[in-house]
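What follows is each chain in one-letter form.
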Amino acid sequence: MFFCFKKRTKPNGEEQSNTKRELIERYILQSCSQPEESFDQTLDRSHLKIVDDFDQREYVKVTWKIDDWLRMMHTKDITQIDFDELRRNVREGIVEQIRPAIWFWMTDITNQYIKKHSYDIYRKLKNLQSQHDSQLFKDLKDTDRQQRDSMFDIVRAYCNYDNSVGYNKYFITFAQFLYEQLNPSRYNKEIAFIHIPDDEDLQDSSVFWMMIHIFIKLDYRSILINQYSFTVSEKFLNTLTPSVKTHLSRFKCSIDQLFEQPLLLLFHKFLSKKDFLKLFDVFLIEGEYILVLVLLKLLKVSESLILMFQSENDLRDFFNQSIPIATN
């Protein structure tokens, strides 16, 4: 479970309620791992227990600390780790000081992608001209000059690697977020980047490989390019509260039609940086599934507000613009 949910206390002992924004953010993230509220109860009821007996013995599972993570990464391949155990510990929260190493280890990018290519594949791809260069250059014109060259190289390299998909403007948004999180100057490089080939393009190539995991392994490119989402599935629609489902049916629109950007970027927009990073950690191994669980919590918390809107445009404005304001 992500958070302990409690009220703040003033110095004089009086209780002070958290802001509505904090309540919603923490309620969503805390309760997204509750089995009775899950998107697919048959899968989650046994998987999402935070404290559980291990192999029918009398001791309980303990959340991995930094030494546990380091030992796992140095002695075991991710395929040797029980996925439910991994997911439980990622949802508990990974160790920030070694986040890049954990990301690459638990996604198995080194074995699935890096080792299958020549050591300089990123350098070759970033230097290869792309048919999307002109559009990419235009989209980067307002980007900070210090980052512009790196963003151009990273996104160009990805477009050349996955040329059947082409280019999408959201590639830049993902690259910028990953570039900030995979900055070697923020970590002990010998520990945090043990799974990544050490070269002059360490930060850029790290972002490139992580984008490959997100867009190819998790197939998030289908959501960006083809606008496919689990939110259009019958299972998701059947999980909506009856009142919200009935209200949406009045406008003959589906949830996915109300969002102007992918779910992951929407949560990046209104969650705090700390909370979004925790959500992103889980997303790297669970994909859009965890985002759908969070969305269900958001819809449940916001139900009374949603029912107030009497037009599709008002609902769309609420989901894309008013949620950050309404939760302040």
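Values in this document were obtained by computation on a predicted structure and should not be read as measured data.

Parameters and conventions
Residues numbered from 1 in each chain as written. Predicted model: local features only at pLDDT ≥ 70, side-chain atom pairs only at ≥ 80, totals over all residues. Heavy atoms only, no water. Helix = DSSP H or I, 4+ residues; strand = E, 2+ residues; numbered from the N terminus. Buried < 20%, exposed > 50% of the residue type's maximum accessible area, 1.4 Å probe, protein only. Contact = heavy atoms within 4.5 Å. 1 Å grid on protein atoms, 1.4 Å probe; cavity = no way out; pocket = protein on both sides within 12 Å on 5 of 7 lines; lining within 4 Å. Points joined across faces, edges and corners; volume = space filled by probe spheres on them. Nonpolar A, V, L, I, M, F, W, Y, C, P; charged D, E, K, R; others polar. pLDDT = per-residue confidence, 0-100. Polar contact = N/O pair within 3.5 Å; in protein donor to acceptor, adjacent residues only side chain to side chain. Salt bridge = Lys/Arg side-chain N within 4 Å of Asp/Glu carboxyl O. Axes fitted to C-alpha atoms, helices over the stretch in contact; angles between N-to-C directions. Parallel < 35°, antiparallel > 145°, perpendicular 65-115°, else oblique. Left-handed = near helix turned anticlockwise from the far one by under 90°. Phe/Tyr/Trp six-rings, centres within 6.5 Å; stacked < 30°, edge-to-face > 60°. Lys NZ or Arg CZ within 6 Å of the ring centre and 35° of its normal.

Asks: Just give me the short version of the overall build of the protein chain, but keep the residues and values in it.
Replies: Along its length, the protein chain carries 21 helices and two strands. For the protein chain, the residues scored as buried account for 51% of the 328 residues in total. Residue pairs at least 24 apart in sequence account for 74% of intrachain contacts in the protein chain once pairs closer than 6 positions are excluded.

Asks: Requested: an account of helix α5 (residues 99–107), with residues and values cited.
Replies: A large share of α5 lies buried, amounting to nine of its nine residues. Looking only at α5, the buried set comprises R99, P100, A101, I102, W103, F104, W105, M106 and T107. Note on α5: the residue one or two positions beyond its end, D108, has a positive phi of about 60 degrees.

Asks: Now, about empty space enclosed by the protein: what can you tell me, with residues and values included?
Replies: Evaluation of the coordinates by the stated rule reveals three cavities of 30 Å³ or more. Taken as a whole, the second largest cavity encloses approximately 50 Å³ of empty space. Together, T173, F174, F177, L264, L265, H268 and F276 line the second largest cavity. Of all elements in the fold, only α10 (170–181) and α17 (263–270) reach the threshold of two or more residues within the lining of the second largest cavity. Each residue belonging to the lining of the second largest cavity can be placed in one class, and the counts come to five nonpolar, two polar and no charged.

Asks: Requested: an account of the confidence of the model for the protein chain, with residues and values cited.
Replies: Residue-level pLDDT values for the protein chain average 78, and 76% of them are 70 or greater. A low-confidence stretch, residues 31–59 (pLDDT under 50), is modelled with 52 contacts involving residues beyond four sequence positions or located in other chains. Predicted confidence is poor over residues 324–328, with pLDDT under 50, and the contacts of this stretch with residues over four places away or in other chains come to eleven contacts.

Asks: So what's going on with the environment of I114? Residues and values would help.
Replies: In this structure, I114 sits in the loop between α6 (109–112) and α7 (121–126). Separated by 81 residues in the primary sequence, I114 and H195 place their C-alpha atoms 9.6 Å from one another.

Asks: Talk me through the side chain of E286; I want residue IDs and the actual numbers.
Replies: The residue E286 is located in helix α18 (residues 273–286) in this model. The class of E286 is buried, set by a relative accessible area of 12%. At 2.9 Å, the side chain of E286 forms a polar contact with the side chain of R91.

Asks: Residue-level account of the pattern of salt bridges, with values.
Replies: A side chain of one charge can pair with a side chain of the opposite charge when the charged atoms of the two come close. Enumeration over the complete set of coordinates arrives at 14 salt bridges. Its salt-bridge partner being D281, residue R99 comes within 2.9 Å of it at the nearest N-O pair. With R99 in helix α5 and D281 in helix α18, the pair connects residues that are 182 residues apart, well separated along the chain. Like D281, R99 is buried. Residue D162 pairs with R221 through a salt bridge whose shortest N-O separation is 2.7 Å. A residue pair is termed long-range when its members are at least 10 positions apart, and D162 in the loop between α9 (145–161) and α10 and R221 in helix α13 (residues 220–225) qualify at 59 residues. Looking at R221, the relative accessible area reads 22%, which means it is partly exposed. Here the salt bridges share partners, and the residues they tie into one network are D84, R87, R91 and E286.

Asks: Account for the packing of α17 against helix α19 (residues 288–301), with residues named and values stated.
Replies: What describes two packed helices is the angle between their axes and the distance between those same axes. Two elements in contact, α17 and α19, have axes separated by 10 Å at closest approach and are oriented at 55 degrees. By the criterion of interaxial angle, the relationship of α17 to α19 is oblique. Seen from above, α17 lies across α19 with left-handed handedness. Counting all contacts with α17, which are made through L263, L264, F267 and F270, the residues of α19 involved are E288, L291, V292, V294, L295 and L298. Across the contact of α17 with α19, the residue classes break down as nine nonpolar, no polar and one charged.

Asks: Account for the packing of aromatic side chains, with residues named and values stated.
Replies: A full pass over the atoms with the stated rule returns 22 aromatic pairs. Ring plane angle 90 degrees and centroid distance 6.2 Å describe the contact between W69 and W105, whose orientation is recorded as edge-to-face. With a gap of 36 residues between them, W69 in helix α3 (residues 66–75) and W105 in helix α5 connect regions that are remote in the sequence. Both residues of the pair, W69 and W105, belong to the buried class. Look at F177 and F276: their rings are 5.3 Å apart centre to centre, the planes differ by 80 degrees, and that puts the pair in the edge-to-face class. Of this pair, F177 sits in helix α10 while F276 sits in helix α18, and the two are 99 residues apart along the sequence. Taken individually, F177 and F276 each receive the classification buried, so the pair is uniform in this respect. Over the ring of Y170 we find K169; its NZ or CZ atom is 5.5 Å from the centre of that ring.

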